[in-house]
Amino acid sequence: MSFPNYPDKHKLTSLLTADELVAYRARLGRMPKIKPEGVLFCLERGLPHRMRWRIPVERAGAMNADVYAVKKSKGRVAVLTSFGGGSPMVMELAEELAVMGTKKMVLMTWGGTLQNDIQPGDIIVCNRAIRDEGASHHYLPPAKYVDADASLVNELVEAIRNRDASCLVGTTWTTDAPYRETREEVIQYQAEGVKTVEMESAGLFTVGQVRNVQTASVVIGMDSLASLRWQTPERLDGIMRSLEIVYAAAIDVLRQP
């Protein structure tokens, strides 16, 4: 992807920065009550409430998302929910969090699977993302991939496996257009070994590179395009269990210094 009028747009200076916006919100008294070092972006919005007996949280404010402080972390870890989806919103939040001092960010979501051997509820830790969305190209030169932080990926894999759960590691395809995932693309990405498709990872990894923040994402298999048609699971039990495992594992990783 390129910008015909400004092919080097990623090198230009922005008129509005996240630093300025955070400072403005602070002057208005509209900032969350915590400045977390680690943040979990949780696309399953009801999960913090469902898991509150195992991992107590308390509402800590809002910033285009609901912000929950993880009590046992003493303000060091926050969970963000109810921010919709897609790279643009995740990147906006990630930039603001980086200004606030966040050093580690993990995104957990459900997504489509592209390989026949990946089943609903399978856990995939993403080590890189295909940049088939628009927002990352405002930040970085054109390229097919953007990488997650390797050490954070390894920590997540270890934490998930320590809970007697299995997980895969691989590439995800990040797109802005879920209703434009075509047969031709799926065939190509299957041949390349790409494991999942979702809407946020490339954006988060991009902010990680630009802001020098550790980022990674975890996708739980939900629907499938592996047969070149949309298939959905009959039950969600396994998916819900995997979401709970990843939620707990990610918070443990984010609590580490």
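Described below are features of the structure shown in this document.

Rules used throughout
- Residues numbered from 1 in each chain as written.
- Predicted model: local features only at pLDDT ≥ 70, side-chain atom pairs only at ≥ 80, totals over all residues.
- Heavy atoms only, no water.
- Helix = DSSP H or I, 4+ residues; strand = E, 2+ residues; numbered from the N terminus.
- Disulfide = S-S within 2.5 Å.
- Buried < 20%, exposed > 50% of the residue type's maximum accessible area, 1.4 Å probe, protein only.
- Phe/Tyr/Trp six-rings, centres within 6.5 Å; stacked < 30°, edge-to-face > 60°.
- Axes fitted to C-alpha atoms, helices over the stretch in contact; angles between N-to-C directions.
- Parallel < 35°, antiparallel > 145°, perpendicular 65-115°, else oblique.
- Left-handed = near helix turned anticlockwise from the far one by under 90°.
- Contact = heavy atoms within 4.5 Å.
- Nonpolar A, V, L, I, M, F, W, Y, C, P; charged D, E, K, R; others polar.

1. Digging into unusual backbone geometry
Its identity is not glycine, yet Asn64 carries a phi of approximately 60°, on the positive side. Following the sequence through the fold, Asn64 ends up in the loop between β2 (57-62) and β3 (66-70). One non-glycine residue, Asn212, lies in positive phi territory at about 55°.

2. Thoughts on the state of the cysteines
Summed over the entire model, instances satisfying the criterion amount to 0 disulfides. For the unlinked cysteine Cys126, the closest cysteine sulfur is that of Cys167, found at 11 Å. Among the residues examined, Cys126 registers a relative accessible area of 0% and is labelled buried. Accessibility expressed as a relative area gives 7% for Cys167, which makes it buried.

3. Looking at the packing of aromatic side chains
Scanning the model with the defined rule gives 2 aromatic pairs in all. Measuring from ring centre to ring centre gives 5.7 Å for Phe41 and Phe83, while their planes differ by 90°; the resulting arrangement is edge-to-face. Of the two residues, Phe41 sits in strand β1 (residues 38-42) while Phe83 sits in the loop between β4 (77-81) and α3 (87-100), which places them 42 residues apart along the sequence. Phe83 carries the same exposure label as Phe41, and that label is buried.

4. Describing the packing of α3 against helix α6 (residues 201-211)
Put simply, α3 and α6 touch, their axes get as near as 8 Å, and they point 30° apart. Here α3 lies roughly parallel to α6, going by the angle between them. At the point where α3 passes α6, the crossing takes the right-handed sense. Side by side, α3 and α6 meet where Ser87, Val90, Met91, Ala94, Glu95, Ala98 and Val99 of the first sit next to Ala202, Gly203, Leu204, Thr206, Val207 and Arg211 of the second. Classifying every residue of the contact of α3 with α6 gives 8 nonpolar, 3 polar and 2 charged.

5. A look at the side chain of Thr174
Residue position: Thr174 is located in strand β8 (residues 168-175). In this structure Thr174 comes out as buried when scored by relative accessible area, which is 0%. Apart from residues lying up to four places away in sequence, Thr174 is in contact with Ser87, Ala129, Ile130, Arg131, Asp132, Glu133, Glu198, Met199, Glu200, Ser201 and Ala202.

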